[in-house]
Amino acid sequence: MGKLINGKWAYRLWTTDASGEFKRSESVFRGQIQKSGPHPPQAGRYHLYVSYACPWAHRTLIARRLLGLEDVVSAQVVDPYMTQEGWHFSTRDGCGADEVNHADFLRDIYRVANPDVTCRVTVPVLWDRETRTIVNNESREIVRMFDRVLAPAFGAPASLTPAKLEAEVDALTARFYNSVNNGVYRCGFATSQAAYTRAFTSLFAELDQLERELEGKQWLVGGQLTEADLFLFTTLFRFDAVYFGHFKCNRRAIRDYPNLYAHTQRVYAVPGVAETCHLDHIIEHYYRSHESINPKRIIPGGPRDFFPVNTVQQGALPVAGHAEPPFPAPPEATRLSAEQVGEHLKGRTRWRLEEDHLVCDLDFASFGDAMAYLTHVADKAEAFNHHPDIHNSYSRVTLRLRTHDADAITALDFALVDALDGIRQ
Ligand SMILES: N[C@@H](CCC(=O)N[C@@H](CS)C(=O)NCC(=O)O)C(=O)O
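In this text, all values refer to a predicted model and were calculated from it rather than measured experimentally.

Novice: Account for the overall build of the chain, naming residues and giving values.
Specialist: Looking only at helices and strands, the chain features 13 helices and 10 strands. Sorting the 425 residues of the chain into buried and exposed places 42% on the buried side. Here the analysis covers contacts within the chain between residues at least 6 apart in sequence; of these, 70% occur between residues at least 24 apart.

Right under this line is the structure:
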């Protein structure tokens, strides 16, 4: 991992202090989108640079989605592999070239903002097209700006932190920041046994505490989805696949904590969230980019199929300020005759008879896409076995649906196929 020193790129680790403890640097760009100031709220003016791999950037992507800001703030995904040159742009697997600054590397954007800057080059980055500078590169503040400034002006009439819950949300997210969100990094990047043990102990003490606090509760604060749930989610979604092994956070996996696991599933099932989750980027990023931890860059084979597919629920969420469900409900499909549906599905989903089952394999480019698909069709899941098999290879995920009931297939409607087509595009 490198950093910019007076605008020049230097490659070295610079992550731990003398005791071997990982120290996260303070974000240096801390501007605000606000009515009076250099960055006024405007639709189409701001651009978000993110990595699908990064839990901090993931917070901003979910907030952008849930607050209805996808057409208001554009976004750009960097390549998951952070090389010795830092984050870079590519056009593979959901990434894209930098259409705004035409840069090859994220560090170039930091230099446009300040040619002499000394800082780490991190995602997320919120860019202002007008002033050609970085407004802010601190996820917590970007999420709050989306919520307080851009969503009321241009987005959904929803809040992830209603004023009455703000103090409680802030206290809780501050409480688990260093032990959980940053704690997994403190375990993984520690360079002494004592520093690792300190981080490991506080991580699992806080997870145990959160597990107790979630008993009988759906959401962490105020009976509704808030920033606190999202900030916990982006760490826990990565936990079993990456932090457990790569960062040695291995006292327990999240799937061994019933309440934390259910909470992760619940957030994942919120319409819109699954589309922001890309496990393939996550796994590649951590295992390939951290040379000091995994010098041969070998990407482990598993586990990838632990993630919630069985209890996916659809539906509206109780978010403050809403009589109506704030987040888009799954499309209501027009009911078609069994004959029409059978015709439509024929040749596209390729059902076949296997012993006494009808079986259909659906291929997806990534685990995230397969999950997104399952979320879309969750209300049809009764027609199938409730435990679809998921087979992962590095470049492809196959979802196997099985049913005993031929009528179940023809009882499906266009929503199923449309969701599939939409996701495969
Ligand atoms: N405080 C920042 C942290 C962002 C951060 O550390 N992002 C990581 C990716 S997970 C990064 O870009 N690291 C590159 C580096 O530190 O060199 C935030 O919450 O936005």
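Novice: Account for the packing of helix 7 (residues 227–246) against helix 8 (residues 258–268), with residues named and values stated.
Specialist: One way to put it is that helix 7 packs onto helix 8 with a least axis distance of 10 Å and a crossing angle of 105 degrees. Between helix 7 and helix 8, the angle falls in the class roughly perpendicular. Between helix 7, through Asp229, Leu230, Phe233, Leu236 and Phe237, and helix 8, the contact on the second element is made entirely by Leu260, Thr264 and Val267. Of the residues contributing to the contact of helix 7 with helix 8, the split by class is 6 nonpolar, 1 polar and 1 charged.

Novice: Outline the sheet that holds strand 3 (residues 46–50), listing residues and values.
Specialist: One open sheet accounts for 4 strands, arranged 4-3-5-6; its pairing is mixed. The sheet terminates laterally at strand 4 (74–77) and strand 6 (133–136), the two strands that pair on one side only. Across the sheet, the mean angle from the axis of one strand to that of its neighbour is 35 degrees, orientation sign disregarded. Pairing analysis gives 4 bridges linking strand 3 to strand 4, with the strands arranged parallel. Residue pairing in the sheet places Tyr49 in a bridge with Gln76 of strand 4. Sheet strands in contact with helix 1 (residues 55–66) are strand 3 and strand 4, and its direction is about 135 degrees off that of strand 3.

Novice: Break down the nonpolar core for me, with residues and values.
Specialist: Of all hydrophobic cores here, the largest spans 91 residues; its most connected members are Tyr49, Leu106, Val123, Phe146 and Cys187. The element best represented in this core is helix 7, accounting for 11 residues. Tyr49 has contacts with Gln76, Val78, Leu106, Ile109, Val123, Pro124, Val125 and Trp127, leaving out every residue within four places of it along the chain.

Novice: Could you give an account of the site of the ligand, naming the residues involved and the relevant values?
Specialist: In the vicinity of the ligand, the residues found are Met1, Ser27, Cys54, Trp56, Arg120, Val121, Thr122, Val123, Pro124, Asn137, Glu138 and Ser139. Grouping the constituent residues of the shell around the ligand by class yields 6 nonpolar, 4 polar and 2 charged.

Novice: Can you break down helix 2 (residues 106–113) residue by residue, with the values?
Specialist: Within the span of helix 2, buried status applies to Leu106, Arg107, Ile109, Tyr110 and Ala113. Angular distribution of buried residues about the axis of helix 2 spans 155 degrees; they occupy a single face of the element. Buried residues belonging to helix 2 abut strand 1 (2–5), strand 2 (8–11), strand 3, strand 5 (125–128) and strand 6.

Novice: Now, about the pairing of strand 5: what can you tell me, with residues and values included?
Specialist: Successive side chains on a regular strand alternate, one facing one side of the sheet and the next facing the other. Here strand 5 shows a buried face lined by Val125 and Trp127 and a second buried face lined by Leu126 and Asp128. Pairing geometry for strand 3 and strand 5, over 4 bridges, is antiparallel. For His47, the partnering residue across the bridge sits in strand 5 and is Trp127. What sits between the antiparallel neighbours strand 5 and strand 6 is a turn of 4 residues, in which Arg132 has the positive phi angle 50 degrees.

Cut-offs applied
- Residues numbered from 1 in each chain as written.
- Predicted model: local features only at pLDDT ≥ 70, side-chain atom pairs only at ≥ 80, totals over all residues.
- Helix = DSSP H or I, 4+ residues; strand = E, 2+ residues; numbered from the N terminus.
- Buried ≥ 20, exposed ≤ 12 C-beta atoms within 10 Å, placed from the backbone.
- Contact = placed C-beta atoms within 7 Å.
- Axes fitted to C-alpha atoms, helices over the stretch in contact; angles between N-to-C directions.
- Parallel < 35°, antiparallel > 145°, perpendicular 65-115°, else oblique.
- Nonpolar A, V, L, I, M, F, W, Y, C, P; charged D, E, K, R; others polar.
- Pairing = 2+ DSSP bridges.
- Core = buried A, V, L, I, M, F, W, Y, C linked by C-beta atoms within 7 Å.
- Near = placed C-beta within 6 Å.
- Arc of directions from axis to C-beta.

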